Every structure is written in structure tokens, then in C-alpha cells.
Amino acid sequence: MSTVTNTSGADRPWRTRGELLAARADAVPVLERRLFAPGRLVGQSLLMVVVALAGLVAGTALEGSGGVTVAAVAAVVALGAVVVAVRMAVESRALMAGLLDWEAEERAGRSLPAGDVRPEHRMPFDARADEDFRAVSVGTSVAAYTRPVRTPLLVRAVVLGSGIGLGLILVLVGVAEPGAAFAVITGVVGAVVLVAGLVGATATTRFAFRLTRVSAGLEEDVRGMTADRGEAVPTMSPVRRGLLLALLVSPLVALLVYRLLQ
């Protein structure tokens with residue numbers, strides 16, 4: 001989905017909000033599994049390692065005698081790895097965009113006829129007149145609030161960001177080495193790895209930031225709906241208060257567990 005609209009179409013066959021929420025419930029887990037698949041993360045990381053090693057091999061071969069063939073093969077391997085890595089990065093960005101599109105689609109779809117909304121698919125908007133509005137709003141708010149700090153997302157940012165350090169090391173090695181061919185090739189390869197690390201870490205961080213904005217928007221919606229129901233609006237949302245309390249208590253719990261294990 002590249003745009004957001006409330007009208008039905010080839011890629012948006014739903015005519016009611018119930019159909020939209022059902023499609024969202026099916027699509028989002030699939031996108032998340034593809035984005036956070038261990039194979040994808042390991043593959044992107046290994047490709048950058050391959051680029052670095054191939055560059056070092058090419059530079060070392062050119063410094064020796066008769067190493068042109070080896071250097072050419074290493075260059076082809078490095079170029080192939082770069083092409084595959086770029087394709088994987090583009091696909092990862094598309095998966096992130098798809099997840100964010102579904103969040104925008106949920107908001108835009110509030111003008112659709114309700115239709116048959118399954119209880120487990122309800123958002124606070126759908127439960128605003130229901131008795132379990134508070135339970136629905138807390139559940140969805142917790143899920144939205146914790147999405148930007150989920151372990152798979154943090155691991156992805158850290159692993160891809162490690163390419164920044166590797167790239168810097170290669171650039172410094174290229175600058176420090178006296179051999180011209182080795183220095184140039186190592187520096188170029190280091191720059192490629194550095195840029196790849198920056199792009200990967202930046203894209204993941206930006207995705208997490210936009211998820212944070214989605215969570216903030218949902219929290220503001222819940223506060224407005226709570227006021228519309230004639231209920232008192234707390235100064236701090238129950239979700240944020242609960243998570244803050246858990247953060248403050250967790251060191252004490254960890255210390256208690258440590259003591260009990262002694």
C-alpha cells in the first residue's frame with residue numbers, strides 16, 4: 001500500500017471497517033515476521049562482512065605479484081554482495097513502509113461503515129461505546145507503546161549499526177596503510193560498509209520513531225474518547241504509568257531474585 005484511502009479498490013477490497021480490521025490483523029503479523037526474520041538480519045550482516053573481506057583480499061592481491069586475477073574475482077564477489085545487500089535493504093524499507101501504511105489505513109478507515117467488527121480486532125475507536133472500552137484501550141495502547149522498543153527491532157538496529165564501526169575501521173586502515181592500491185581499495189570498501197551501516201541503522205531508528213508517533217496519536221485518541229464518555233481523564237495514561245512503575249521496580253525485583261539465588 002503506497003497511499004491511504006477509504007475507498008475500495010483492487011488492493012483494498014474491504015467495504016466495511018470490520019473487513020479492514022480483519023485484513024490488517026492478517027497482514028501485519030506477516031510483514032513483521034518478514035521484517036524481523038533472523039535470516040534477513042543475518043544475511044544483511046554477512047553480506048557486509050563479505051564485502052569487507054573481498055575488498056581486503058583484492059587490495060592484498062594487487063599489492064603482490066600476479067594478483068590481478070584474484071583481485072578481479074574478489075571485486076566481482078564484493079560487487080555481487082553489494083547488489084544483493086541493496087535489494088534486501090530496499091525490501092526491508094518496503095516492509096517498514098507497509099507496516100506504517102496499515103496504521104494510517106486504520107485511522108483513515110474510521111469513516112467506513114462499521115460492518116461486522118470481530119471483538120479481538122477492535123481498536124479503541126470501535127469500542128468507544130462498549131463497556132470494555134478501558135480494557136480494549138489499555139491492551140491496544142500497551143501493544144503500540146512497546147512496539148518501538150521490542151527486542152527484534154532493537155537487535156536489528158544494533159546489528160546493522162555495527163557496520164558503522166566496521167566501516168570506520170576499514171577507512172582508517174586504508175588511510176594508514178602505505179600501499180596505494182591496498183589503501184584505495186580498503187578505503188572504498190570501508191566507505192561502502194560505513195554508508196550501509198548508517199543507512200540501515202537510520203532506517204530502523206526512523207521506523208521506531210514513527211511507531212512512537214503512532215503510539216502517541218493512539219494515546220491522544222484514547223484520552224479524547226475517555227472524555228467523550230464522561231469519564232475522568234488521568235494526567236498520565238495508565239499504560240505509561242504502569243510501564244514507568246515496572247521500570248522503577250525492575251531493579252528491586254532483580255536484586256531480590258539475585259539474593260534468593262545466593
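Only a predicted model underlies this, so the values are computations on that prediction, with no experimental measurement involved.

S.K.: Talk me through the pattern of salt bridges; I want residue IDs and the actual numbers.
M.R.: Applying the stated criterion across every chain yields a total of 14 salt bridges. The partner of Glu 106 in a salt bridge is Arg 110, with the nearest N and O atoms 3.3 Å apart. On the accessibility criterion, Glu 106 (3% relative accessible area) is buried. The shortest N-O distance in the salt bridge between Arg 118 and Glu 120 comes to 2.6 Å. Salt bridges sharing partners connect three or more residues here, namely Arg 17, Glu 106, Arg 107, Arg 110, Asp 126 and Asp 221.

S.K.: How would you sum up a positive patch on the surface? Please name residues and give values.
M.R.: Side chains of Arg 93, Arg 206, Arg 210 and Arg 213 sit close together on the surface and give a patch of like positive charge. The greatest single-element share of the positive patch, amounting to three residues, is contributed by helix α6 (residues 180–228). Its location among the elements puts Arg 206 in helix α6.

S.K.: How would you summarise the packing of helix α2 (residues 38–63) against helix α5 (residues 151–176) if you had to cite specific residues and measurements?
M.R.: Where α2 contacts α5, the axes come no closer than 10 Å and their chain directions differ by 5 degrees. One element, α2, and the other, α5, form an angle in the roughly parallel class. Residue-level contacts link Arg 40, Leu 41, Gln 44, Ser 45, Ala 52 and Leu 56 of α2 to Val 155, Arg 156, Val 159, Leu 160, Leu 166 and Leu 170 of α5. Here the contact of α2 with α5 is built from residues that sort into eight nonpolar, two polar and two charged.

Reading the values: rules and limits
Residues numbered from 1 in each chain as written. Predicted model: local features only at pLDDT ≥ 70, side-chain atom pairs only at ≥ 80, totals over all residues. Heavy atoms only, no water. Salt bridge = Lys/Arg side-chain N within 4 Å of Asp/Glu carboxyl O. Buried < 20%, exposed > 50% of the residue type's maximum accessible area, 1.4 Å probe, protein only. Patch = residues over 30% accessible without salt bridge, like charges linked within 9 Å, V, L, I, M, F, W, Y side chains within 5 Å. Areas by Shrake-Rupley, 256 points an atom, 1.4 Å probe, with all protein chains shown as cover. Lys, Arg positive; Asp, Glu negative; His and termini not counted. Charge placed at Lys NZ, Arg CZ, Asp CG, Glu CD. Helix = DSSP H or I, 4+ residues; strand = E, 2+ residues; numbered from the N terminus. Axes fitted to C-alpha atoms, helices over the stretch in contact; angles between N-to-C directions. Parallel < 35°, antiparallel > 145°, perpendicular 65-115°, else oblique. Contact = heavy atoms within 4.5 Å. Nonpolar A, V, L, I, M, F, W, Y, C, P; charged D, E, K, R; others polar.

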